[in-house]
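The primary structure of each chain is shown beneath.
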Amino acid sequence: MGHVHARSWTANAPRGHITAVFDVSEERARALSDQHTGGKARVYRDLGSLLADPEIDAIDICLPHHLHADAVVRAANAGKHVMCEKPICLTFDELKLIRRAIDDAGVTFVAAHNNLFALPLIEARRMIGEGVLGRLHHIRSNEVGRNSSMRTRHAPVRLAAGESTFAWRLDPARMGGAELLDTGWHGAYRMLALAAAANDEQEDRPVEVVALLSNYYMTELLPGEDTASVLVRFASGAQGVLVTSWAFGGPMPNWQFEVAGQHGTLAGNVTSLVHAAHGWASAAERSWDTVHGETYVREVTHFLDVLLDGATSRASWHHAARTLQVIRGAYRSAEERRIIPLPEDPTSL
Ligand SMILES: NC(=O)c1ccc[n+]([C@@H]2O[C@H](COP(=O)([O-])OP(=O)(O)OC[C@H]3O[C@@H](n4cnc5c(N)ncnc54)[C@H](O)[C@@H]3O)[C@@H](O)[C@H]2O)c1
């Protein structure tokens, strides 16, 4: 992910540029600096030295999951603004530590929730906000794809010397969960964002969650689920359904979201949005000339908008905290085989 983010920073120059890189593998850090900055970005051997660099205003964290909380807290304590890959962290205690660190330091935190920047989703949220669907009844968020590279352990990207991208993912202590926490995270925050769109972008709080988890394709490999079905009830009464999997993809056109409301339905993916109002003879479709990779460029643009222009963060600590609560609630539901009530405080279950 470091290279994907580096390309996104380059695409956003000169509003922001990469000053320095740190990776436990110095070769990887150097390769990233060479490839994306022509070697201009300094390479640090430890995080502390990078954070002590006064030229750095912000840090973009693309580390394995178990390292997120510590890196965010240390960056905030050093007075750096932070963008951090999903999941923000693994536990509610870590969530609280992050909150305290960013508040005490007065720095900005933005979660790298790139799928919020899919153009059809942005347009769907605008339409829902304008009341096109009326009251929302049902939100379905799909984040599915057959993950054959994990199954065969052929990494999709070849990195310089260092640990395999699968080593920490197959270690529950470092991964912090399995498919639901990793890829399912995107589907969960998308669902929460769609629910908020009907409420003037104020949260429509998830109040209960129930989940089924299975492992169909990663058996004997992944100690956890590769597929999850999660049901959420929102305070407004709307139902949410998250389907997420590394075992299967979706049939074309592979909707990432489908929303049903009082007046009709919307469905969208990376490039298109379909709107059907109740009573219309046919649906209206809109398409964009874009690709998924551009969502990463737009998330960096958004981080810069928040830092430089005072824009309101669409991927705040609260949004990430609520996402963790839904996912931890789903894991507990599967373990205890019951519906889990979700408290108002996003740092508890
Ligand atoms: N938004 C998305 O679409 C998306 C896609 C893939 C990954 N991610 C997220 O990006 C993050 C990284 O995932 P990845 O697939 O790039 O993993 P990866 O294993 O390919 O890369 C992690 C990097 O961290 C380095 N590293 C490991 N331990 C370290 C340590 N102690 N100190 C410093 N560096 C260390 C590794 O050498 C490696 O270069 C995860 O949070 C993951 O969930 C997001």
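Note that the coordinates shown come from a computational prediction; the quantities given were computed from them, not determined experimentally.

Caption draft 1: Inspection of the nonpolar core at higher detail. Formed by 99 residues in total, the largest nonpolar core has its most connected members in Ile-88, Phe-109 and Val-230. Residue assignment places this core across two domains, with domain 1 (2–113) and domain 2 (119–291 + 316–341) each supplying three or more. Setting aside residues up to four positions removed in sequence, Val-230 forms contacts with Leu-180, Val-209, Val-210, Ala-211, Gly-240, Val-241, Leu-242 and Ala-330.

Caption draft 2: Molecular detail of the domain arrangement of the protein chain. In terms of domain boundaries, the protein chain breaks down into domain 1 (2–113) and domain 2 (119–291 + 316–341). Counting residues at the interface gives 22 residues for domain 1 and 25 residues for domain 2. Taken together, both faces of the contact between domain 1 and domain 2 bury some 2,000 Å²; the carbon and sulfur share is 68%. There are 1 salt bridge connecting domain 1 and domain 2. Its salt-bridge partner being Lys-86, residue Asp-182 comes within 2.6 Å of it at the nearest N-O pair. Here domain 1 and domain 2 share 9 residue pairs in polar contact (both at pLDDT 80 or more) between them. Of all elements in the fold, only helix H2 (26–37), helix H5 (92–105) and strand S5 (109–111) reach the threshold of two or more residues within the side of domain 1 that touches domain 2.

Caption draft 3: Examining unusual backbone geometry more closely. With an omega of 5 degrees, the peptide bond running from Ala-13 to Pro-14 counts as cis. For Pro-14, the position within the fold is in the loop between helix H1 (2–11) and strand S1 (20–22). Phi angles above zero are rare outside glycine, and Arg-153 is one such case at about 55 degrees. At Asp-200, a position not held by glycine, the phi torsion is positive, near 55 degrees.

Caption draft 4: Main features of the site of the ligand. Taken together, 21 residues sit near the ligand, with Met-1, Asp-23, His-65, Trp-168 and Tyr-296 positioned nearest. Taking Glu-85, its side chain carries an N or O atom lying 3.4 Å from a nitrogen atom of the ligand. In the environment of the ligand, a nitrogen atom lies 3.1 Å from a nitrogen or oxygen atom belonging to the side chain of Asn-114. For the shell around the ligand, a count of residues per class yields 10 nonpolar, 5 polar and 6 charged.

Conventions adopted
- Residues numbered from 1 in each chain as written.
- Predicted model: local features only at pLDDT ≥ 70, side-chain atom pairs only at ≥ 80, totals over all residues.
- Heavy atoms only, no water.
- Core = buried A, V, L, I, M, F, W, Y, C linked by side-chain atoms within 4.5 Å.
- Buried < 20%, exposed > 50% of the residue type's maximum accessible area, 1.4 Å probe, protein only.
- Domains from an automatic or database assignment.
- Contact = heavy atoms within 4.5 Å.
- Buried area = accessible area lost by both parts, 1.4 Å probe.
- Salt bridge = Lys/Arg side-chain N within 4 Å of Asp/Glu carboxyl O.
- Polar contact = N/O pair within 3.5 Å; in protein donor to acceptor, adjacent residues only side chain to side chain.
- Helix = DSSP H or I, 4+ residues; strand = E, 2+ residues; numbered from the N terminus.
- Near = heavy atom within 4 Å.
- Nonpolar A, V, L, I, M, F, W, Y, C, P; charged D, E, K, R; others polar.

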